[in-house]
Amino acid sequence: MKALGEFEIWFLTGSQDLYGEDTLRQVAENSEVIVAGLDESDAIPVRVVWKPVVKNPEAILSACIEASASGKCVGVIVWMHTFSPARMWIAGLQALTKPLLHLHTQFNRDLPWTEIDMDFMNLNQAAHGDREFAHIEARLGLSRKTVAGHWQEQRVQDRIGIWSRAACGLYEAKHLKLARFGDNMRNVAVTEGDKVSAQMQFGVSVNGFGVGDLSDAVRAVADAKVDDLVQVYEASYNVAPSLRVGGSDRESLREAARIEVALREFMTAGGFGAITDTFENLDGLKQLPGIAAQRLMADGYGFGAEGDWKTAVMVRLVKVMAKGLPGGTSFMEDYTYHLDPAGPKVLGAHMLEVCPSISDKQVSCEIHPLSIGGKSDPVRLVFDAGPGPAIVTALMDMGDRFRIVVNEIDLVAPDKPMAKLPVGRAVWQPRPNLATATETWLMSGGSHHTVLSRAVGAEVIADFAEMAGVEFLLIDADTTVASFKKELRWNEAYYHLARGLR
Ligand code: MN
């Protein structure tokens, strides 16, 4: 069962009419075997679909147009078993609107040293056929991923799988609709952005709605639906005594459930994949959506607090890209530090809205006062993120372009239990170390809101950025402040020039 099996990657094998019938039949048979192998690979979450070998400019163009028009095809893999003069590919590649992966592989892993003859050499020509094809990719300046190695190698299949996840993310970005309740938190800079530019760059449609639309819907929710959802809470979480039947805050739990029912119905009716809200605009709502936002995220929706639609978009996209993988993904905020030189750490959390998918243990459902917003105490889920490698990703609007920055981190257990901290939270050590990671993050203008994912690594975000044509910065074990500073400078020049005159 493929986690993203509704999507397809098309596999195009290049050749030319010059080869005799026997060789071309062999090319087709071999590429069918490769495609079947990739399609069966657990590392690749989409269907890999074989297409007839393309041998002339007309066939190449029509295959590329067909892939571009297909509603299921999210990307194209191209491979040259034999030699395919690359000028034949110019029109097709210029017409291709789907992400491109150039697979540099060979049908046979090993040279048949003692048996090799000219027929074998003429059939297994990727070593120079792929160089000819790559030349025209470079000459056309195509955005692409190049993966080299034998197609049965795990590393090769893993990288194809990662790229196909990014391609599904791009597909989702082009179809995503985001609903905003209220605007951005007043005076905040990093959560702002150009929604027209975002739609041009990613495809996502971001639109605002009055909180009144939601509060009317909350008041209209039938009691029976509230009863059902409260039962789900009780079955899923360790519910605090005051929220249980007869408890002093029982009505607050029912109100939280009422908000969740209304939000879900709103999202479903409008076809929305992500939402934002803000504590500064809760007109008609009795409490800030806490458990509702957390549970919507757990079901794969994007969420951003304080009107942060860019992070809400990234939460949704990473959730799509991570589908079927263990680990979880959440909206996150760098909150406070432990600066002991013996083991410096970041404590990440939010006022309420952290997704319980990043927890490995029992989640508590609690109610506590919120120091901002001036509303009733909100119900929220409380937990610690599980340990292990993860990434935090931020998307910023730099004014002339979007920038994505990723930091590889290691989630760790808190030094001591944080019994008085009533939120979902995560503790981590950023790579390469806290000082370098934070210095470079700040140099990049990276936001305090991020997407934390235990499910995917940095490569899927890098692939997505490449496909979307967005600047990508990585802070990992190899990062130094000096090299990062140069990269930022070079990127300024590159993106200034690449944008051209408009
Ligand atoms: Mn925040």
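About the criteria used
For every chain, the first residue of its written sequence is number 1, and the numbers climb from 1 along that sequence. pLDDT decides what is reported in this predicted model: residues at 70 or higher carry local features, side-chain atom pairs at 80 or more are listed and counted, and totals for whole chains, interfaces and linings draw on all residues regardless. With hydrogens and water stripped out, all remaining heavy atoms of the structure feed into the side-chain values. Metal sites are built from N, O and S donor atoms within 2.8 Å, or 3.2 Å for Na, K and Ca, and they leave out water, so they may look incomplete. Here a strand is any run of E in DSSP of at least two residues, a helix any run of H or I of at least four, and the numbering for each starts at the N terminus. Whether a residue is buried, partly exposed or exposed follows from its accessible area with a 1.4 Å probe, protein chains only, as a fraction of its type maximum: under 20%, in between, or over 50%, in that order. Put simply, the grid is 1 Å and covers the protein atoms alone, a cavity is a trapped set of points that fit a 1.4 Å probe, a pocket is an open set with protein on both sides within 12 Å along at least five of seven lines, and lining residues have an atom within 4 Å of a point. Grid points are joined across faces, edges and corners, and a volume is the space filled by probe spheres set on the points. Domain limits in this description derive from either an automatic procedure or a database domain assignment. Note that Gly is not counted as nonpolar here; it falls among the polar residues with everything else outside the nonpolar set of Ala, Val, Leu, Ile, Met, Phe, Trp, Tyr, Cys and Pro and the charged set of Asp, Glu, Lys and Arg. Helix span, as expected, comes to 1.5 Å for every residue beyond the first. Distance and chemistry together define a polar contact, namely a pair of N or O atoms within 3.5 Å, with one atom able to donate a hydrogen and the other to accept it when in protein, and with adjacent residues in sequence counting only for side-chain atoms on both sides. For two strands to count as paired, DSSP must find a minimum of two bridges between them.

Protein-derived ligands of the manganese ion are Glu 306 (OE), Glu 333 (OE), His 350 (NE2) and His 449 (NE2), with the metal-ligand distances lying across 2.1 to 2.2 Å. Here the donor residues of the manganese ion share one chain and are spaced in sequence as E-x26-E-x16-H-x98-H. Taken together, the residues Glu 306 in the loop between β10 (302–304) and α12 (309–321) and His 449 in strand β18 (residues 449–453) connect sequence positions 143 residues apart. Taken as a pair, Glu 306 and His 449 share a single burial class, namely buried.

When its volume is computed, the largest pocket comes out at roughly 760 Å³. Lining the largest pocket are 26 residues, and of these Gln 201, Ala 468, Gly 469, Val 470 and Tyr 495 lie nearest its centre. Taken together, the elements giving at least two residues each to the lining of the largest pocket come down to α7 (195–201), α14 (458–468), β19 (471–475) and α15 (481–499). When residues of the lining of the largest pocket are sorted by domain, at least three fall in each of domain 1 (8–174) and domain 2 (176–500). Where the lining of the second largest pocket is concerned, the elements lending two or more residues are α6 (154–175) and α14. A per-element tally of the lining of the second largest pocket places α14 first, with four residues. Grouping the constituent residues of the lining of the second largest pocket by class yields nine nonpolar, five polar and six charged. Per-domain counts for the lining of the second largest pocket show at least three residues from each of domain 1 (8–174) and domain 2 (176–500).

With that out of the way, let us pick up α12. Between its first and last C-alpha, α12 extends 18 Å over 13 residues, near the 18 Å set by a 1.5 Å rise per residue. Where α12 begins, the side chain of Asp 308 points an oxygen toward the backbone nitrogen of Lys 310, at a separation of 3.4 Å.

In terms of burial, strand β15 (residues 388–397) is largely enclosed, as seven of its ten residues are buried. Pairing of β15 with strand β16 (residues 402–412), which is carried by ten bridges, proceeds in the antiparallel orientation. When the sheet's bridge partners are listed, Asp 397 is paired in β16 with Phe 402. Count of turn residues in the β15/β16 antiparallel hairpin: four residues, of which Gly 399 carries a positive phi of about 100°. Here three bridges tie β15 to β18, and the two strands are oriented antiparallel to one another. From the neighbouring strand, Thr 393 faces β18, where its bridge partner is Val 451.

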